[in-house]
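Chain by chain, the residues run as shown.
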Amino acid sequence: MSDDRQPELPELRASDADRERVVERLRDAVAEGRLTMEEFEERLEAAYASRTYAELEPLTRDLPAAGATAPLAAAPAAGAAPAPASAAGLPARIGGEGTSTAAVAVMSRVQRIGHWTVPARFNAVAFWGRGELDLREARFAEREVVINCVAVMGGIEIIVPPGVEVDVRGFGFMGAFDQGDGPGPAEPGAPRVVVTGLAFWGAVEVKVRAPKARPGGPGLERGEPRKEL
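Residues numbered from 1 in each chain as written. Predicted model: local features only at pLDDT ≥ 70, side-chain atom pairs only at ≥ 80, totals over all residues. Heavy atoms only, no water.

**Describing the nonpolar core**
In terms of nonpolar packing, the biggest core is built from 29 residues, with Leu-135 and Ile-158 touching the most fellow members. Only strand S1 (102–106), strand S4 (121–127), strand S7 (144–152), strand S8 (155–160), strand S12 (192–200) and strand S13 (203–208) provide two or more residues apiece to this core. The biggest single contributor to this core is S7, with four residues. Sequence-distant contacts of Leu-135, defined by excluding residues within four places in its chain, comprise Arg-93, Trp-116, Val-118, Phe-140, Ile-147, Ile-158, Ile-159, Val-160, Pro-161 and Val-193. Grouped together as the second largest cluster of nonpolar side chains are 13 residues, Val-22, Ala-29, Met-37 and Ala-47 included. (Core = buried A, V, L, I, M, F, W, Y, C linked by side-chain atoms within 4.5 Å. Buried < 20%, exposed > 50% of the residue type's maximum accessible area, 1.4 Å probe, protein only. Helix = DSSP H or I, 4+ residues; strand = E, 2+ residues; numbered from the N terminus. Contact = heavy atoms within 4.5 Å.)

**Observations concerning the confidence of the model for the chain**
When pLDDT is averaged across the chain, the result is 78; 76% of the residues are at 70 or more. Across residues 72–88 the pLDDT falls below 50, and counting only partners more than four positions away or on other chains, this stretch makes five contacts in the model. pLDDT under 50 marks residues 214–229. Its contacts with residues more than four places away, or in other chains, come to 40 contacts. (pLDDT = per-residue confidence, 0-100.)

**A short note on the environment of Thr-60**
As for its position among the elements, Thr-60 is in the loop between helix H3 (53–56) and S1. Taking the relative accessible area as the measure of exposure, Thr-60 reaches 23% and is therefore partly exposed. In this view, Thr-60 contacts Val-22, Arg-25 and Leu-26; residues no more than four positions away in its chain are not counted.

**Let's talk about the side chain of Asp-134**
Of note, Asp-134 is situated in strand S5 (residues 130–134). Within the structure, the side chain of Asp-134 is placed 2.7 Å from the side chain of Arg-136, a separation counted as a polar contact. (Polar contact = N/O pair within 3.5 Å; in protein donor to acceptor, adjacent residues only side chain to side chain.)

**A short note on helix H2 (residues 37–49)**
Between its first and last C-alpha atoms H2 spans 18 Å; for 13 residues at 1.5 Å apiece the expected length is 18 Å, and the two agree. For H2, the full list of buried residues reads Met-37, Phe-40, Arg-43 and Ala-47. Projected down its long axis, H2 shows its buried positions confined to an angular sector of 125°, all on one face. Turned more than 90 degrees off the buried face of H2, the exposed positions are Glu-38, Glu-42, Glu-45 and Ala-49. The secondary structure elements touched by the buried residues of H2 are helix H1 (16–31), H3 and strand S9 (165–168). (Expected span 1.5 Å × (residues − 1). Arc of directions from axis to C-beta.)

**Overview of the pattern of salt bridges**
All chains considered together, the criterion is met by 15 salt bridges. One salt bridge in this structure joins Arg-43 and Asp-62, with 3.0 Å as the shortest N-O distance. Linking Arg-43 in helix H2 with Asp-62 in the loop between H3 and S1, this pair joins segments that are 19 residues apart in sequence. As a salt-bridge pair, Arg-143 and Glu-165 come within 3.9 Å of each other at their nearest N and O atoms. Remark: Glu-165 occurs in strand S9 and Arg-143 occurs in the loop between strand S6 (139–140) and S7; sequence separation between them is 22 residues. Taking the relative accessible area as the measure of exposure, Arg-143 reaches 12% and is therefore buried. Shared partners join several salt bridges into a network, and the residues in it are Arg-143, Glu-144, Glu-165, Asp-167, Arg-169 and Arg-192. (Salt bridge = Lys/Arg side-chain N within 4 Å of Asp/Glu carboxyl O.)

Dropping the structure here:
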């Protein structure tokens, strides 16, 4: 078959699937440390605005295939100090199967604390109750996870470690979605937590706290729910 159309391919219209493939490669590049968050955000915006292959192609032109390593990586010089590691090790905590998909407190209290895995989408409901989601020692099934919160005359508290990217999109009706002073700068490749939902006569709070050990109560395994009337 003739290849006469090859020069015209860059001018063909890109599909949603084509754009998503580019976005996925950009996400991998951030996790690998090849792009900064600023570069990722710029290219992400350009990817979703692209209409043709010609506009998509430059966004990954300087990136190797996913999982590839540099062929001529130089060994560190003798006596050179090692590169500083992430204090929280956040990029290494991405991947795995979600421990549970929901936490519900009806006139009670529910917790997710300690070592547990946040799924790609998690639902938290507090009706005349209180929910606590502590992510300081948690793993994340994917780099971006969505926590959908519904607080009706109750409250939900989400605790994240420094370095996690947080995006609060919830709506408060006679209630509040409170992000405090903000999560601060995100680590390259760190998980991204998107908080959505509704607070009706209630509150959803996102707090940043340094990681620390939190022993579970008697008969409670870490990452399992605890309910108190």
